[in-house]
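One letter stands for each residue in the lines below.
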Amino acid sequence: MADPTPPSAPGAAAAPAPATSTGAAASTAATYKAPTPNPAFRMMGIPVLPRKLPSRNWMIFIAFTTSISAAIIYDKREKKRATARWSRAVSRLAKEPISNPNQMPRKLTIFLESPPGDGLRVAQDHFTEYVKPILAASGLDWEFVQGRKEGDVRAAVAERIRRTRQPETGTQTQDELVQEIRKKNGTPEYHGMRGDIVIGRHTWKEYVRGLHEGWLGPLTPPQLPEPEVQKEPEVSKVEGTQAPEGGEEKKEETKPEEKPERKPERPPQPPPYNTTNDYPTAALPMLIPSEFSPSVPIGFPHILGFSNTFIRIRRFFNRRSLANDVGREVAAVCLATAREYREDMDMTRSEQQTALEHEERDWVKSVWKEKKPEEGEEKESSTPIVPAEKIWASPIVLDPRIAMRMRRFEIRPEEEARAKKIVVPEEELEGWIKGSLRSLYRWAVSKPEPNPSWPDE
């Protein structure tokens, strides 16, 4: 006989189980208490930090900005470290005693010129950022020879040399007047090694050209061709007396146009006294020194153009290597260690010709084009326009008599090894944020100084 009550299904007995688990979950949810934020963070306005990572886009943005910021900060710190290391290497020169309190210090000459396609301020900033800190730490004195356009440095160098060859001239410069006053007062001059610092390939080309022009060129300026005088057609007296009345009225009405007043222009650049083709036939002066003042060309990487953006970015993130190279050359100038200029392995080109040659690839295209005078300049100028010498676009031509007298600054290996061992403290390299935090921590930890006015003291 069949059982009236059928057996229960296996899942029927387990049906009440979800009810018990749901109740347990509800009881735990009722007893759960959210974690309270840190009261210190809450008072500073910092919310509760999230417990999950940001989204993919935020992660990309954070990683990109962090890596760029880290690269900039690291390069800036290492650039400061390189400059501070070479500054400490030459700082002992500033502490050397002098024999006479009135003795003049060693004086260097800095040659600066506007880079191709840009202004002079860029070259001045390069000097201030990389060269000036090391010179200031050495305690040496320096003067500037600056040029704003092509040919200014060449003219200045050649004029200086011509004045040494012919000191008795009608007009005296400000430096010559100062030297004359020092001689009257009995101030001793510095008789040691001086030095020239030439910044950039374009300035170096003009410096070498000026040396050859000053020592191999004549002392008198070349004769320029006389301008052509155009004679105006003469008007006969009879025609002038028999002029109609209407013509007189027209003459009275037409008045000459008043030209606006022009600002005083810079004095014109003196033309070169000789050319590179005159070197072999030129005679050396009788009082030419056996060795010239040593010089050194300093690198000045400068590139323009939108297409060179990636090159400029790469150089911006690697300024520490430029600071190290410039610091080494400037330290050699301060330590006054020089040698002769050498030649290449194949003995075809000299070191003066190949110095900083890689910088010419970065120059603008207008340097290599011939400049044509404008139509307005030809009409307004009464004197004939002499085409300017293209020094930047021309190769460096050397005369062996001048090249053998040139010297180059170079640091000694033992001095370079000593500079590499110098450890720069972190306090000189850290920025404003880290320095402020460090000073705040020291102020909080340090014990206050006793004050006699306190009652406990």
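Above this note sits the structure.
Given the structure is predicted, the values throughout are model-derived calculations rather than measurements. (Residues numbered from 1 in each chain as written. Predicted model: local features only at pLDDT ≥ 70, side-chain atom pairs only at ≥ 80, totals over all residues. Heavy atoms only, no water.)

**Student:** Is there a simple way to think about the pairing of strand S3 (residues 196-199) in this case?
**Tutor:** Regular strands place side chains that alternate from one sheet face to the opposite one. The side-chain alternation of S3 yields two buried faces, one formed by Asp-196 and Val-198 and the other by Ile-197 and Ile-199. As paired strands, strand S1 (residues 107-113) and S3 are joined by three bridges and run parallel to one another. In the sheet register, Thr-109 faces S3, and the bridge partner there is Asp-196. Note: S3 against strand S4 (residues 295-298), four bridges, orientation parallel. By the bridge assignment, Asp-196 is partnered in S4 with Ser-295. (Buried < 20%, exposed > 50% of the residue type's maximum accessible area, 1.4 Å probe, protein only. Helix = DSSP H or I, 4+ residues; strand = E, 2+ residues; numbered from the N terminus. Pairing = 2+ DSSP bridges.)

**Student:** Looking at this model, I keep getting lost on the packing of helix H4 (residues 56-90) against helix H12 (residues 319-335). Mind explaining?
**Tutor:** Between two packed helices, the angle of one axis relative to the other and the distance separating the axes together describe the packing. Contact pair H4 / H12: the axes reach a minimum separation of 8 Å and the direction vectors enclose 10°. Accordingly, the angle class assigned to the pair H4 and H12 is roughly parallel. For the pair H4 and H12, the contacting residues are Tyr-74, Asp-75, Glu-78, Lys-79, Ala-82, Thr-83, Trp-86 and Val-90 in the first and Arg-319, Arg-320, Ala-323, Asn-324, Gly-327, Arg-328, Ala-331, Cys-334 and Leu-335 in the second. The class makeup of the residues in the contact of H4 with H12 is eight nonpolar, three polar and six charged. (Axes fitted to C-alpha atoms, helices over the stretch in contact; angles between N-to-C directions. Parallel < 35°, antiparallel > 145°, perpendicular 65-115°, else oblique. Contact = heavy atoms within 4.5 Å. Nonpolar A, V, L, I, M, F, W, Y, C, P; charged D, E, K, R; others polar.)

**Student:** I keep staring at the pattern of salt bridges and nothing clicks. Help me out?
**Tutor:** A side chain of one charge can pair with a side chain of the opposite charge if their charged atoms are brought near each other. All chains considered together, the criterion is met by 35 salt bridges. In this structure, Arg-77 engages Glu-426 in a salt bridge whose closest nitrogen and oxygen atoms are separated by 2.4 Å. With Arg-77 in helix H4 and Glu-426 in the loop between helix H16 (413-420) and helix H17 (432-445), the pair connects residues that are 349 residues apart, well separated along the chain. When its relative accessible area of 21% is taken as the criterion, Arg-77 is described as partly exposed. A relative accessible area of 33% places Glu-426 in the partly exposed class. Between Lys-107 and Glu-143 there is a salt bridge, with the nearest N and O atoms lying 3.8 Å from each other. Taken together, the residues span a long stretch of sequence, with Lys-107 in strand S1 and Glu-143 in strand S2 (residues 141-147) at a distance of 36 residues. What emerges from the salt-bridge pattern is a single network uniting Glu-329, Arg-339, Arg-342, Glu-351, Arg-408 and Glu-410. (Salt bridge = Lys/Arg side-chain N within 4 Å of Asp/Glu carboxyl O.)

**Student:** Would you take a moment to explain the side chain of Asn-274 for this structure?
**Tutor:** Note on placement: Asn-274 falls in the loop between helix H10 (245-253) and S4. With relative accessibility at 5%, the residue Asn-274 sits in the buried group. Leaving out residues up to four positions away in the same chain, Asn-274 has contacts with Arg-209, His-212, Glu-213, Leu-216, Gly-217, Pro-218 and Tyr-279.

**Student:** When you look at the pairing of S2 in this model, what are you seeing that I'm missing?
**Tutor:** Strand direction decides the pairing type here: S1 and S2, joined by seven bridges, are parallel. What sits directly across from Thr-109, in S2, is Glu-143.

**Student:** I tried to follow the layout of surface pockets on my own but got confused; where do I start?
**Tutor:** Unoccupied space between atoms shows up once a probe the size of one water molecule is rolled over them. What the second largest pocket holds in volume is close to 930 Å³. Around the second largest pocket, the lining comprises 33 residues; the ones closest to its centre are His-126, Phe-300, Pro-301, His-302 and Leu-322. At the level of elements, helix H5 (120-138), S4, helix H11 (309-316) and H12 are the ones that each hand at least two residues to the lining of the second largest pocket. Taken together, the residues that form the lining of the second largest pocket break down as 13 nonpolar, six polar and 14 charged. (1 Å grid on protein atoms, 1.4 Å probe; cavity = no way out; pocket = protein on both sides within 12 Å on 5 of 7 lines; lining within 4 Å. Points joined across faces, edges and corners; volume = space filled by probe spheres on them.)

**Student:** What's the story with empty space enclosed by the protein in this structure? I'm lost.
**Tutor:** Counting across every chain of the model gives one cavity of 30 Å³ or more. Estimates place the volume of the largest cavity at around 60 Å³. If you trace the largest cavity, you find it lined by Pro-115, Pro-116, His-202, Phe-300, His-302, Glu-359, Asp-362 and Trp-363. Residues that form the lining of the largest cavity fall into these classes: four nonpolar, two polar and two charged.

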